[in-house]
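A closer look at the structure
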Amino acid sequence: MAQNETKPGGELPGQPNHIGLANGEHPNSAAVSRFITPGGNPIDNSQPAFPIFHRKIANPAPLGLAAFATTTFVLSMYNVQARGVSVPNAVVGLALGYGGLVQLLAGMWEFACGNTFGATAFSSYGGFWLSYAIILIPGFGIETAYEEDPSMMKNALGLYLAAWFIFTTIMLIASLRSSLGLVGVFFFLDITFILLLAGEFTGSVGVTKAGGIFGLITAFDAWYVALAGLLTPQTSFFLLPTFDLSKRN
């Protein structure tokens, strides 16, 4: 047989076939390392404590959810005034680096995966955290612009949060046939935004604290969905249900 001539099955001699075995190799005598991953590459077992799966592109959703959840958790703890902390400026670094940049990157990778919903959600909320951090950074002069009328600043923040409430409602509607876990994230986030904007408009500390409580619920829900996406039958002892709501044929 000439070099590069294909066998009857359309496979090159000596190359892995569609099940990861070299042509002519019997499955019973095949080494485990010969099997391929869903991405079409051999499984790398050189680091058994940290399995490497050579996929065409990994799932960016757990990263985006974790970035969103972690930043939301910290800000919500400030909103409920945990440990006496009521000034939220310490969240700026986290909002810029993790909730902002990393979540935005996760959104870009969702575009590469062909997931329009994930790309829109992660990119938008990454932008939210970046914009929120900018509001708190003195160098941008946003807060100082309202020094003569602090009530105007609260109204401005209320309108800012109202816009995100509307966007989150759109995402909630779009998520209704995804999974119960993901729907819960947007449902509780919607309540969080409406309570926080009401707190800004009314100046009520109690309403803002209620928004912080729902923000914590949102964060834990997002962490749960992120963990469910990280757990796989190949690398985990258990799986977490997210209660699929997608349309069945």
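As the structure is a prediction and not an experimental result, all values here were calculated from the model.

**Comments concerning the overall build of the chain**
Assigned secondary structure in the chain consists of six helices and zero strands. Here the contacts in the chain between residues at least 6 apart in sequence split such that 56% fall between residues at least 24 apart. A total accessible area of about 14200 Å² is found for the chain, and carbon and sulfur atoms account for 66% of it.

**So, the packing of aromatic side chains**
Within the structure shown, the criterion is met by 17 aromatic pairs. Site record: aromatic cluster; members linked through ring pairs are Phe68, Phe117, Tyr125, Phe128, Trp129, Tyr132, Tyr160, Trp164, Phe167, Phe186 and Phe193.

**Remarks on the layout of surface pockets**
Its boundaries defined by the atoms lining it, the largest pocket holds a volume of some 880 Å³. The wall of the largest pocket is formed by 37 residues, among which Asn79, Pro88, Tyr132, Leu157 and Glu200 lie closest to the centre. At the level of secondary structure, the elements contributing two or more residues to the lining of the largest pocket comprise α1 (61-79), α3 (116-136), α4 (150-174), α5 (180-202) and α6 (205-230). For the lining of the largest pocket, a count of residues per class yields 21 nonpolar, 12 polar and four charged.

**A closer look at the packing of α5 against α6**
For any two helices packed against each other, the geometry comes down to the angle between their axes and how far apart the axes lie. Put simply, α5 and α6 touch, their axes get as near as 8 Å, and they point 160° apart. When the axis of α5 is compared with that of α6, the two are roughly antiparallel. α6 is crossed by α5, and the crossing has left-handed handedness. Facing Gly181, Leu182, Gly184, Val185, Phe188, Leu189, Ile191, Thr192, Leu195, Leu196, Ala198 and Gly199 of α5, the residues of α6 in contact are Val207, Thr208, Ala210, Gly211, Gly212, Phe214, Gly215, Ile217, Thr218, Asp221, Ala222 and Val225. Taken together, the residues of the contact of α5 with α6 break down into 14 nonpolar, nine polar and one charged.

**Concerning the side chain of Asp221**
Tracing the backbone shows Asp221 in helix α6. Although buried, Asp221 forms no salt bridge, and the nearest oppositely charged side chain, Arg177, lies 17 Å from it.

**Concerning unusual backbone geometry**
In this structure, Gln81 is a non-glycine residue whose phi angle is positive, near 60°. As for its placement among the helices and strands, Gln81 is situated in the loop between α1 and α2 (92-113). The exposure class of Gln81 is partly exposed, given its relative accessible area of 33%. One non-glycine residue, Phe243, lies in the positive phi region at around 60°. Mapped onto the secondary structure, Phe243 falls in the segment after α6.

**Some thoughts on the environment of Ala61**
Residue placement: Ala61 occurs in helix α1. Here Ala61 falls in the buried class, since its relative accessible area comes to 18%. With 54 residues separating them along the chain, Ala61 and Asn115 place their C-alpha atoms 9.8 Å apart.

**Comments concerning the confidence of the model for the chain**
Averaged over every residue, the pLDDT of the chain is 86; residues scoring 70 or more account for 77%. The low-confidence segment residues 1-22 (pLDDT under 50) makes 32 contacts with residues lying over four places distant or belonging to another chain. Scored below 50 in pLDDT, residues 29-34 shows 10 contacts in the model against residues more than four places distant or in partner chains.

About the thresholds
Throughout this document, residue positions are counted from 1 along each chain, in the order its sequence is written. The predicted nature of this model means local features are confined to residues of pLDDT at least 70 and side-chain atom pairs, given and counted, to a pLDDT of 80 or more, with totals for whole chains, interfaces and linings taken over all residues. Side-chain descriptors were evaluated using all non-hydrogen atoms of the structure, hydrogens and water having been removed beforehand. A run of H or I in DSSP becomes a helix once it reaches four residues, and a run of E becomes a strand once it reaches two; helices and strands are each numbered from the N terminus. Should any heavy atoms of two residues lie within 4.5 Å, those residues are considered in contact. The protein chains shown are the only cover counted for residues, whose accessible areas, like all others here, come from Shrake-Rupley with a 1.4 Å probe. Only Phe, Tyr and Trp rings are paired, with Trp represented by its six-membered ring, and only when their centres lie within 6.5 Å; those with planes under 30 degrees apart are stacked, over 60 edge-to-face, the remainder tilted. Using protein atoms alone on a 1 Å grid, points that fit a 1.4 Å probe yet trap it form a cavity, whereas open point sets bounded by protein on both sides within 12 Å along at least five of seven lines form a pocket; residues with an atom within 4 Å of a point count as lining. Grid points are joined across faces, edges and corners, and a volume is the space filled by probe spheres set on the points. We call Asp, Glu, Lys and Arg charged. Ala, Val, Leu, Ile, Met, Phe, Trp, Tyr, Cys and Pro are nonpolar, and the rest, Gly among them, are polar. Axis angles are defined between N-to-C directions and span 0 to 180 degrees, where every axis is a line fitted to C-alpha atoms and, for a helix, only to the segment in contact. Our angle categories are set so that under 35 degrees counts as roughly parallel, over 145 as roughly antiparallel, 65 to 115 as roughly perpendicular, and the remainder as oblique. For a crossing to be left-handed, the near helix must be turned anticlockwise from the far one by less than a right angle; the clockwise case is right-handed. Throughout, exposure labels follow a simple rule: accessible area from a 1.4 Å probe, protein chains only, divided by the maximum for the residue type, with under 20% read as buried, over 50% as exposed, and the rest as partly exposed. Here the positive residues are Lys and Arg and the negative ones are Asp and Glu; neither His nor the chain ends is included. For this document, the term salt bridge refers to a Lys or Arg side-chain nitrogen within 4 Å of an Asp or Glu carboxyl oxygen. The predictor rates its confidence in each residue with pLDDT, a number between 0 and 100.

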